[in-house]
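What follows is each chain in one-letter form.
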Amino acid sequence: MERSTPPQVLDEDDPDVDSADDSVAVDLVISPEDSLKLSSGGSRRIRRFKQEWLKKFWFLRYSPTLNEMWCHVCRQYTVPSSRTSAFIVGSKQFKIHTIKLHSQSNLHKKCLQLYKLRMHPEKTEEMCRNMTLLFNAAYHLAVEGRPFSDLRPLAELLKRCELKVVDQYLNDGDCQILLHHIARALKEDLAEKMRLSPFLSVIMDAQNDDLFSDMVAVYVQFISYEGSPNTEFLSLQRLGMPSVDGYLQALDRAFGVLGLRFQDMLVVGLGVDGTNISAGTRASLYVAVQKTFPWILCLPIMIHRPHLEVLDAISGKELSCLEDLETNLKQLLSFYRYSPRMMAELRSTAPTLSEETEFLGDIRAIRWIIGEPNVLNALIKDYLEVVAHLKEISSQTQRADTAAIALSLLQFLLDYQSVKLIYFLLDIIAVLSRLAFTFQGENHFLVSQVEAKIEDAILEIGQLVDFPGEYLQEFEENFRESFNGVALKNLRVAESKFQSIREKICNRSQGILSQRLDLHSRPFAKASRVLDLNTWPHSREDLQAYGEEEIQVILEHMESLPCRGVEARGNLLGEWKDLKADYFSMNGFKEVLVHVCRYRQRFPLLNRVLQAVRVLPGSTSCCDKGRASLQKMCKNNRSRLSLEQMNDLLTVAVNGPPIAHFDGKRALDSWFEEKSGSSRSLSAEVLSRRSAAEQKSVLHSVDVNTEFYPDV
């Protein structure tokens with residue numbers, strides 16, 4: 001506020017006029033402090049901010065609430081030593097002369113240079129080289145699941161290695177932008193791969209973590225340029241509702257991320273898993289999909305720990321012993337975990353169990369303790385030591401409360417049924433874990449091999465009803481009149497009930513696995529076994545008629561595709577006979593898939609069939625990688641990531657190449673385009689590549705009289 005002057009009339013057209021004398025207007029902004037000064041000072045002039053200054057000085061910002069103006073450029077790019085400047089903190093000196101003086105100051109000129117370099121960087125060779133280092137650093141952070149804030153210390157490390165980086169792009173927001181452009185390039189590649197693949201399959205992973213219980217991760221499997229099946233991450237979507245419609249909507253949105261439509265792509269396979277989706281919802285989803293797309297095969301896949309789903313399904317009133325065992329085991333571990341003194345004693349007496357207990361973290365947050373085989377194995381290993389320790393504590397009169405709890409836990413560990421049930425559950429978990437590992441390996445199995453392994457697991461669980469598994473047999477060998485010298489209680493009652501419990505657990509587990517086998521898809525899955533050379537008979541006579549019925553089943557399904565062939569039946573059978581003739585006449589015939597791909601000119605129809613079979617879900621290793629990346633990125637207080645940021649990070653972590661093979665040139669070009677204002681959205685770029693014919697629905701544009709083999 002300037003010193004008091006008598007009222008005067010000012011020319012509004014004068015460029016040096018600042019607040020003018022129109023301060024008595026209706027929209028006058030007067031603070032209480034100014035009002036007090038006005039009442040005591042008489043005819044003092046109140047200066048106010050004029051909106052036209054915002055147009056005249058592009059760097060100027062004003063807040064009516066705070067009644068302050070500041071320089072947007074200097075506030076963002078100034079050095080810490082100049083943070084006390086009025087045009088950075090906020091100024092109420094509403095005079096145009098003050099604004100002009102600031103615009104000519106050295107501080108503003110330096111900040112303006114940084115602003116121009118940042119907002120409109122010059123694409124020089126040196127700038128590209130320095131920015132490439134930042135892109136590599138950001139890519140490394142995404143792959144390792146490290147936070148955005150690590151970009152600055154990583155850049156400082158690069159400087160220590162005498163590498164030059166651009167200092168203007170080192171904050172968290174800059175790291176997010178760099179990763180967005182990297183993910184954008186990878187998404188463009190994925191869209192192109194999906195467009196060129198003759199067939200696609202989709203895997204939906206319903207997350208089971210509390211953080212992501214309302215999300216579903218969508219993966220797509222396609223045939224690569226080399227002819228092998230590949231799986232990549234498509235999108236992470238929130239479920240609007242945990243129902244069939246919710247999953248279908250999430251699937252549509254996932255394809256829409258790339259500017260594609262699910263109904264326009266020739267999807268031939270679908271697999272859904274995750275402990276957050278029930279068997280009933282999965283079956284209803286398959287029915288809904290096949291009602292619209294009858295050629296889609298719904299196949300069994302296992303992404304993560306299927307025994308947890310089994311425990312969810314079989315626990316209840318008829319098997320209340322499972323929940324009782326879970327409660328007692330949680331109480332036992334909590335007794336040690338939440339007491340530093342007890343934990344120290346457990347560490348010295350039962351090191352294996354103490355290690356597993358510490359690894360679990362919050363015991364109360366674990367879904368099923370009896371579903372943790374490492375914990376059960378540790379309890380078995382340290383059983384005698386834990387029993388001895390609880391006996392010692394229960395006899396200590398000076399620790400009455402602790403002694404009472406220890407006595408209750410001791411009764412649990414001395415119960416015959418509880419101990420024997422632990423051993424039996426380990427046998428069930430071992431069967432289901434081996435089945436899950438089949439899917440989680442890098443090897444891609446044929447759909448017939450997948451179904452065969454599930455049927456083997458069902459049979460193996462059925463055998464556990466009458467014959468003890470590896471763990472239960474160990475219990476029976478160690479138990480005579482006592483268990484390793486420990487007298488167990490309730491033997492007669494528990495033994496009569498245990499066989500009934502055993503049968504119920506096995507029968508229900510078999511039923512849950514059987515529900516994964518879709519009746520509509522099983523004929524094709526079983527027929528595809530003829531494409532596995534290990535199933536071929538060794539006799540020439542037996543081989544002559546081998547597989548013809550299965551080929552007919554496969555052909556009938558292929559003819560149901562939108563790109564079916566009408567007169568291909570005889571041609572496919574002829575190619576099948578020629579393939580069997582090659583088996584005996586040609587050296588080096590070691591695998592059907594490799595042979596047909598090598599001689600695809602001779603076997604165009606069989607090659608098409610094999611492409612459809614190989615693209616069906618047979619491995620979930622990519623899904624495991626996605627889950628691990630999602631868990632890693634959301635640690636260290638990073639749960640506030642937006643859905644778009646999580647999608648970018650997962651795209652880079654799952655679909656990106658190893659850091660040694662990463663090329664950030666396209667991402668760098670996209671970044672420069674955005675800075676110049678010529679960038680377009682991903683969907684627009686993807687759609688611009690597609691011709692008018694490609695943008696039409698594949699399901700309605702294919703000529704039904706065309707044969708279903710590619711031009712090779």
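Keep in mind that what you see is a predicted model, and the values were worked out from it rather than measured.

Engineer: Can you help me understand the overall build of the protein chain in this one?
Structural biologist: Scanning the protein chain from N- to C-terminus turns up 34 helices and seven strands. Counting only residues that meet the buried cut, the protein chain has 49% of its 712 residues in that class. In the protein chain, 73% of the contacts between residues at least 6 apart in sequence involve partners at least 24 apart. When the accessible surface of the protein chain is split by element, carbon and sulfur atoms take 51% of a total near 34,500 Å².

Engineer: Honestly, the packing of helix α13 (residues 320-337) against helix α17 (residues 383-394) in this entry has me stumped. Any pointers?
Structural biologist: Across the interface, α13 lies against α17 with an axial gap of 13 Å and an inter-helix angle of 65°. Here α13 is positioned roughly perpendicular relative to α17, judged by the angle of their axes. In this structure, the crossing between α13 and α17 has a hand that is left-handed. Touching L332, F335 and Y336 of α13 are V386, H389, L390 and I393, all from α17. Looking at the contact of α13 with α17 residue by residue, the classes come out as six nonpolar, one polar and no charged.

Engineer: Is there a simple way to think about the nonpolar core in this case?
Structural biologist: Considering soluble globular proteins, one finds that nonpolar side chains tend to be buried as a cluster. Core analysis: the biggest nonpolar cluster contains 125 residues, and M131, L134, L332, L390 and L421 have the highest contact counts within it. With 14 residues, helix α19 (residues 416-440) is the largest single contributor of residues to this core. Ignoring sequence-local partners within four residues, the contact set of L390 consists of L332, F335, Y336, A406, L409, L410 and L413. One finds F222, L251, F262 and L606 within the second-largest nonpolar core, a separate group that totals 72 residues.

Engineer: What is the right way to read a negative patch on the surface from this model?
Structural biologist: A cluster of like negative charges, contributed by E470, E474, E476 and E477, occupies part of the molecular surface. The topology assignment puts E476 in helix α21 (residues 470-478).

Engineer: Looking at this structure, how should I read helix α29 (residues 621-633)?
Structural biologist: Within an α-helix, residues lying three or four positions from one another point in the same direction, as the helix has 3.6 residues per turn. End to end, α29 covers 18 Å across 13 residues, agreeing with the expected 18 Å (1.5 Å per residue, within 8%). Among the residues of α29, S621, C622, C623, G626, R627, S629, L630 and M633 are the ones counted as buried. Taken together, the buried residues of α29 touch β3 (200-206), β4 (215-223), β5 (229-238), α19 and α30 (643-655).

Engineer: Looking at this structure, I do not really get the pattern of salt bridges. What am I missing?
Structural biologist: Should their charged atoms come close, side chains of opposite charge can pair. Summed over the entire model, instances satisfying the criterion amount to 27 salt bridges. Of the charged contacts, one joins D264 and R261 as a salt bridge, the two residues approaching to 2.9 Å between their closest N and O atoms.

Engineer: It is not clear to me how the confidence of the model for the protein chain should be interpreted in this structure. Could you clarify?
Structural biologist: Low-confidence regions, as indicated by low pLDDT, have predicted coordinates that should not be scrutinised in detail. For the protein chain, the mean per-residue pLDDT works out to 80, and 83% of the residues sit at or above 70. For the stretch residues 1-41, pLDDT sits under 50, and the model shows 60 contacts to residues farther than four places along the chain or on other chains. This stretch, residues 683-712, has a pLDDT under 50; its non-local contacts, to residues over four places away or in other chains, come to 60 contacts.

What counts, and at which threshold
- Sequence order as written defines the numbering, with residues in each chain counted from 1.
- At least 70 in pLDDT is required for a residue's local features to be given in this predicted model, at least 80 for side-chain atom pairs to be given and counted, and no such filter applies to totals for whole chains, interfaces and linings, which use all residues.
- Side-chain figures throughout are based on the complete set of non-hydrogen atoms in the structure, without hydrogens or water.
- Think of it this way: any DSSP run of H or I at least four residues long counts as a helix, any run of E at least two long counts as a strand, and we number them from the N terminus.
- Accessibility here uses a 1.4 Å probe with only protein chains present; expressed as a share of the type maximum, an area under 20% marks a residue as buried, one over 50% as exposed, and anything in between as partly exposed.
- Contact definition: two residues touch when any of their heavy atoms are within 4.5 Å.
- To be clear on the numbers: accessible area is Shrake-Rupley with a 1.4 Å probe, and residue cover counts the displayed protein chains and nothing else.
- To get an axis, a line is fitted to the C-alpha atoms, and for a helix only the part in contact is used. The angle between two axes follows their N-to-C directions and goes from 0 to 180 degrees.
- An angle below 35 degrees is treated as roughly parallel, one above 145 as roughly antiparallel, one from 65 to 115 as roughly perpendicular, and anything else as oblique.
- By definition, turning the near helix anticlockwise from the far helix through less than a right angle yields a left-handed crossing, and turning it clockwise yields a right-handed one.
- Put simply, Ala, Val, Leu, Ile, Met, Phe, Trp, Tyr, Cys and Pro go in the nonpolar bin, Asp, Glu, Lys and Arg in the charged bin, and everything else, Gly too, in the polar bin.
- Side-chain atoms within 4.5 Å are what join buried Ala, Val, Leu, Ile, Met, Phe, Trp, Tyr and Cys residues into a set we call a nonpolar core.
- Two distance rules govern patches: like charges are joined within 9 Å, and nonpolar side chains (Val, Leu, Ile, Met, Phe, Trp, Tyr) within 5 Å, applied only to residues with over 30% relative accessible area and no salt bridge.
- Each salt bridge in this description consists of a side-chain nitrogen of Lys or Arg and a carboxyl oxygen of Asp or Glu lying within 4 Å of one another.
- This count recognises Lys and Arg as positive and Asp and Glu as negative, with His and chain-terminal groups excluded.
- Note on charges: their place is set at NZ of Lys, CZ of Arg, CG of Asp or CD of Glu.
- For a helix, the expected span equals 1.5 Å multiplied by the residue count minus one.
- Each residue carries a pLDDT value, the predictor's own confidence for that position, ranging from 0 to 100.

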